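Take a look at the letters that make up each chain.
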Amino acid sequence: MNRVVLLGLLLAGCGASHKGAEEPKLPAAKPEAVDALKDAGRSVRLGAANYERALERIRAAEQLDPNLWEAFYDEGWILLKLRNPAEAIAPLEKALGILPTNAATVQALGEAYLSANRAADAAKIYRAWLERPKSKDDSHVDQIRVALGAAYRRAGKLDEAIDALQKALRSAPRQAMAGALDQLGLVYKAKGQLELADLVLHRALEIDDKSKAAAEIWNNLGLVALERRRDQEAFAHFEQAAKLDPSLTVARRNKAAVYLDCGDYTRAVEELKHVTHTDPDDVDAWIALGVAERGAVNLQNAEHAFQKALELDPDSADALYDLGVLEMDFEKQPGRARVELEKFAKAAPQGHPKRADAESRLKELAKKPKAGDDKGGGTTQ
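S.K.: Please explain the packing of helix α18 (residues 317-330) against helix α20 (residues 355-366) as it appears in this structure.
M.R.: When two helices pack together, their arrangement is given by the angle between the helix axes and by the axis-to-axis distance. Closest axis-to-axis distance for the α18/α20 pair is 11 Å, and the angle between their directions is 35°. For the element pair α18 and α20, the recorded crossing hand is left-handed. Counted together, Tyr 321, Val 325, Met 328 and Asp 329 of α18 and Asp 357, Ala 358, Arg 361, Glu 364 and Leu 365 of α20 form the full contact between these two elements. Taken together, the residues of the contact of α18 with α20 sort by class into five nonpolar, no polar and four charged.

As structure tokens, then:
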């Protein structure tokens, strides 16, 4: 049975493509493992509610046939869909070890590395794939060159990012150039060359300014406008991004940031409630919602938002700091504020921008009695 066909049975319509890959000769798949993988495919086609069942059958297939790279790929793909990128890394690495030429596995593993803040590792596998012997159909080259540029940018290697993206621009067809220009604009933004970033992003929009994919370009253009202190222009760009792709919650989050900067907490709350409804796992959105609710003096709602963020990420330094500020300055609960700020001090990296303020607050709180200084005492968590 064709090894590529196996994966198509599971992820038909999910965007995975393996056409033209120069695959090494692999042993024939064991029929019982193939059956387990087909069973997983049926579960996937029933929707996300059945992904856990699919994972059980995929892992059974892996046990039955440790060389079935499709099973390891599929496990990683589902874990990415379930927003567990750290867990997706191991099966995707296994799949790539079995079949190192497969572009879809490289792209999925790169996505997992980036989501886990391992940009250098993502760049390494992209570069290795690009340096492999060329196949007859290298339809993924331009995409992976753009991904390499993005990974270099995330890793802080800006000159390498420019080189990778310029190579992509030299070879990419016109319809694929918008993505490369978008990433190049972000590199120039990271270098502080804001006028050049604005120019490059506008060039990307000359190619594509109305598709769903263009929403991210509009959003990035808004980020550049914010850094140029052009808040109204930035807001208009974020608004256009949200119109083109209502599921792009980062655009609404950025709109809310403009409202927060202007002190318009009510409108910021409206935007952020939409974000948390659309994406209830967005930790940053819950934190921003808490800040907006706090600014609107909806203190109970603010505490609820910060607690939701901490349910998703108990070590979120920003959520701990903002909850501590809420308890100290608004709720007037110094004991509970001390608890949250001490957690912040343990969780926050040394260079966190709020560390100095948190340490100052803890010194102030240390002067207050530790026992019985709060109504009800203890922490709200």
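So, next bit.
S.K.: Explanation requested: the pattern of salt bridges in the structure shown.
M.R.: When their charged atoms lie close together, side chains carrying opposite charge are able to pair. A complete count under the given rule lists 24 salt bridges for this structure. Here Arg 230 ties to Glu 233 by a salt bridge, and the two come within 3.8 Å at their closest N and O atoms. For Arg 361, the salt bridge identified is with Asp 357, shortest N-O distance 2.8 Å. With Arg 361 and Asp 357 both in helix α20, this residue pair falls four residues apart, about one helical turn. Taken together, the shared-partner salt bridges in this structure form one network comprising Asp 39, Arg 42, Arg 53, Glu 56 and Arg 57.

S.K.: Sorry if this is basic, but what is going on with the nonpolar core here?
M.R.: Grouped together as the largest cluster of nonpolar side chains are 82 residues, with contacts concentrated most on Tyr 73, Ile 78, Leu 92 and Tyr 126. If we ignore the near neighbours within four places in the chain, the residues touching Leu 92 are Phe 72, Tyr 73, Gly 76, Trp 77, Leu 80, Thr 105, Ala 108, Leu 109 and Ala 112.

S.K.: How do you make sense of the packing of aromatic side chains when you look at a structure like this?
M.R.: The geometry of an aromatic ring pair is captured by the separation of the ring centres together with the interplanar angle, meaning the angle of the planes. Evaluation of the coordinates by the stated rule reveals four aromatic pairs. Judged by centre distance (5.1 Å) and plane angle (65°), the ring pair of Phe 235 and Tyr 259 falls under edge-to-face. Taken together, the residues Phe 235 in helix α13 (residues 231-244) and Tyr 259 in helix α14 (residues 249-262) connect sequence positions 24 residues apart. A residue is classified by how much of its surface remains accessible, and Tyr 259, at 13% relative accessible area, is buried. Over the face of the ring belonging to Phe 72 we find Lys 94, whose NZ or CZ atom lies 5.7 Å from the ring centre. Positioned over the ring face of Trp 129 is Arg 132, at 3.5 Å from the centre of the ring.

S.K.: What's the story with helix α4 (residues 69-81) in this structure? I'm lost.
M.R.: It helps to recall that an α-helix has 3.6 residues per turn; residues three or four apart then point in one direction. Over its 13 residues, α4 runs 18 Å from end to end, which matches the ideal 18 Å to within 8%, given 1.5 Å per residue. With twelve of its 13 residues buried, α4 lies for the most part within the structure. Residues of α4 that are buried include every one of Trp 69, Glu 70, Ala 71, Phe 72, Tyr 73, Asp 74, Glu 75, Gly 76, Trp 77, Ile 78, Leu 79 and Leu 80, and no others. One or two positions beyond α4, positive phi appears at Arg 83, with a value near 60°.

Reading the values: the criteria
- Residues numbered from 1 in each chain as written.
- Predicted model: local features only at pLDDT ≥ 70, side-chain atom pairs only at ≥ 80, totals over all residues.
- Heavy atoms only, no water.
- Axes fitted to C-alpha atoms, helices over the stretch in contact; angles between N-to-C directions.
- Helix = DSSP H or I, 4+ residues; strand = E, 2+ residues; numbered from the N terminus.
- Left-handed = near helix turned anticlockwise from the far one by under 90°.
- Contact = heavy atoms within 4.5 Å.
- Nonpolar A, V, L, I, M, F, W, Y, C, P; charged D, E, K, R; others polar.
- Salt bridge = Lys/Arg side-chain N within 4 Å of Asp/Glu carboxyl O.
- Core = buried A, V, L, I, M, F, W, Y, C linked by side-chain atoms within 4.5 Å.
- Buried < 20%, exposed > 50% of the residue type's maximum accessible area, 1.4 Å probe, protein only.
- Phe/Tyr/Trp six-rings, centres within 6.5 Å; stacked < 30°, edge-to-face > 60°.
- Lys NZ or Arg CZ within 6 Å of the ring centre and 35° of its normal.
- Expected span 1.5 Å × (residues − 1).

The quantities given are spatial measurements derived from coordinates; they are silent on function.
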